[in-house]
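What follows is each chain in one-letter form.
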Amino acid sequence: MTTTEQNIDQILIPILEKVSDPEIPVLSIMDMGVVRSAVIENNIVKVEITPTYSGCPAMDVIGDDIKVALKKAGYESKIDLILHPAWTTDWITPRGRKALEDYGIAAPLNAEADKDVLLNGKRLVKCTNCGSTNTRLVSQFGSTACKAQFQCDDCQEPFDYFKCLK
């Protein structure tokens, strides 16, 4: 598991937890782990966010949504996009993983298992509808580039799997 320290002023956490990921609205940007730093300096909140992958189109929206949320709370802000260290699915919180599953998106497996399901056809991804692992890859890409499309062979439901990114 890859971890890095977050530097977030405690008073800002409830504000940032209300900002949703625009592609997966049941997740906050805090649950996704994209906020690396949020500190108040000279009455301005300086926020550093990391994209889930290089070129992620949601980052502009996320930056704007952070500014709006902080403005509503009485703060001016400056948002910086940082690319190092690169975001990893390890940064998704346990609450975020559960929210993904509840929303119908299978949470990422570890890197080795991820390769086994995406490249070798192993049946390890749990169906978000019935819980079966009798699932198969339908497409390397799902509703977004960071997801793959799967189908359960027991209940026949299609669902997205959030790929492991490291």
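It should be emphasised that the depicted structure is a prediction, and the values quoted were computed from it without experimental measurement.

Reading the values: the criteria
- Note that residues are indexed from 1 along each chain, following the sequence as it is written.
- Local features in a predicted model are, by the rule used here, given only for residues with pLDDT of at least 70; side-chain atom pairs are given and counted only at 80 or more, and totals for whole chains, interfaces and linings are based on all residues.
- Excluding hydrogens and water, the side-chain values take into account all heavy atoms of the structure.
- Helix and strand labels come from DSSP, where a helix needs a run of H or I of at least four residues and a strand needs a run of E of at least two; each type is numbered from the N terminus.
- Here the globule rule is a power law, 2.2 Å times the number of residues to the power 0.38, and the radius of gyration is based on C-alpha atoms.
- Buried means the residue's accessible area, taken with a 1.4 Å probe over protein chains only, is under 20% of the maximum for its type, while exposed means over 50%, and partly exposed covers the values in between.
- In the cavity and pocket records, a cavity denotes points on a 1 Å grid over the protein atoms alone where a 1.4 Å probe fits but cannot get out, a pocket denotes an open set with protein on both sides within 12 Å along at least 5 of 7 lines, and lining residues are residues with an atom within 4 Å of a point.
- Grid points are joined across faces, edges and corners, and a volume is the space filled by probe spheres set on the points.
- Amino acids outside the nonpolar list (Ala, Val, Leu, Ile, Met, Phe, Trp, Tyr, Cys, Pro) and the charged list (Asp, Glu, Lys, Arg) are all regarded as polar, and Gly is one of them.
- Those domain boundaries reflect an automatic or database domain assignment.
- Note on definitions: a residue-residue contact is assigned when non-hydrogen atoms from the two residues lie within 4.5 Å.
- What counts as buried area is the accessible surface, traced by a 1.4 Å probe, that two parts surrender upon association, with contributions from both included.
- For this analysis, a salt bridge means a side-chain nitrogen from Lys or Arg found within 4 Å of a carboxyl oxygen belonging to Asp or Glu.
- Pairing of N or O atoms within 3.5 Å defines a polar contact, subject to two protein rules: one partner must be a possible hydrogen donor and the other a possible acceptor, and residues neighboring in sequence count only if both atoms are side-chain atoms.
- Cysteine sulfur atoms that come within 2.5 Å of each other are treated as a disulfide pair.

J.: It is not clear to me how the overall build of the chain should be interpreted in this structure. Could you clarify?
T.: Across its full length, the chain carries 5 helices and 8 strands. When the elements of the chain are put in sequence order from the N terminus, they spell out β-α-α-β-β-α-β-α-β-α-β-β-β. Taken over C-alpha atoms, the radius of gyration comes to 17 Å for the chain, in line with the 15 Å a tight globule of 166 residues would show. Each of the three principal axes of the chain carries a C-alpha extent, and together these read 55 × 25 × 25 Å. Residues classed as buried in the chain amount to 45% of the 166 residues present.

J.: How do you make sense of the layout of surface pockets when you look at a structure like this?
T.: Empty space among the atoms becomes apparent when a probe as large as a water molecule is rolled across them. When its volume is computed, the second largest pocket comes out at roughly 160 Å³. Contributing to the lining of the second largest pocket are I49, P51, G55, C56, M59, D60, G63, D64, K67, I79 and L81. Listing elements by their share of the lining of the second largest pocket, those giving two or more residues are α3 (58-72) and β4 (76-81). The element that contributes the greatest number of residues to the lining of the second largest pocket is α3, accounting for 5 residues. Grouping the amino acids of the lining of the second largest pocket by side-chain chemistry returns 6 nonpolar, 2 polar and 3 charged.

J.: Just to check I follow, could you spell out the domain arrangement of the chain for this structure?
T.: Reports of interface size often rely on the accessible area that becomes lost once the parts have come together. Assigned domains of the chain: these are domain 1 (7-91) and domain 2 (104-162). Using C-alpha coordinates to define each centre, domain 1 is positioned 28 Å away from domain 2. Tallying the contact residues gives 6 residues for domain 1 and 6 residues for domain 2. For the pair domain 1 and domain 2, the two sides together bury roughly 470 Å², of which 81% comes from carbon and sulfur. Counting the contacts that link domain 1 with domain 2 gives 0 salt bridges. Counting across the interface, domain 1 meets domain 2 through 0 residue pairs in polar contact (both at pLDDT 80 or more). Here the side of domain 1 that touches domain 2 is composed, by residue class, of 4 nonpolar, 1 polar and 1 charged.

J.: Before we go on, may I ask you to explain the state of the cysteines in this structure?
T.: Two cysteines form a disulfide when their sulfur atoms are joined by a covalent bond. What the rule picks out here adds up to 0 disulfides. Sulfur of C146: no disulfide; nearest cysteine sulfur belongs to C56 and is 7.0 Å away. The exposure class assigned to C146 is buried, which follows from its relative accessible area of 7%. A disulfide-free cysteine, C155 has its sulfur positioned 3.7 Å from the sulfur of C127, the nearest such atom. Judged by relative accessible area, C155 falls into the partly exposed class, the value being 25%.

J.: What is the right way to look at unusual backbone geometry in this model?
T.: As a rule of thumb, non-glycine residues mostly have phi less than zero, and peptide bonds are mostly trans rather than cis. Residue P85 follows H84 across a cis peptide bond; omega there is 0 degrees. Here P85 lies in the loop between β4 and α4 (94-103). Even without glycine at this site, N43 takes up a positive phi of about 65 degrees. On the secondary structure map, N43 appears in the loop between β2 (35-41) and β3 (44-49). Of note in the backbone geometry, Q156 takes a positive phi value of approximately 70 degrees without being a glycine. With respect to the element layout, Q156 can be found in the loop between β7 (147-152) and β8 (158-162).

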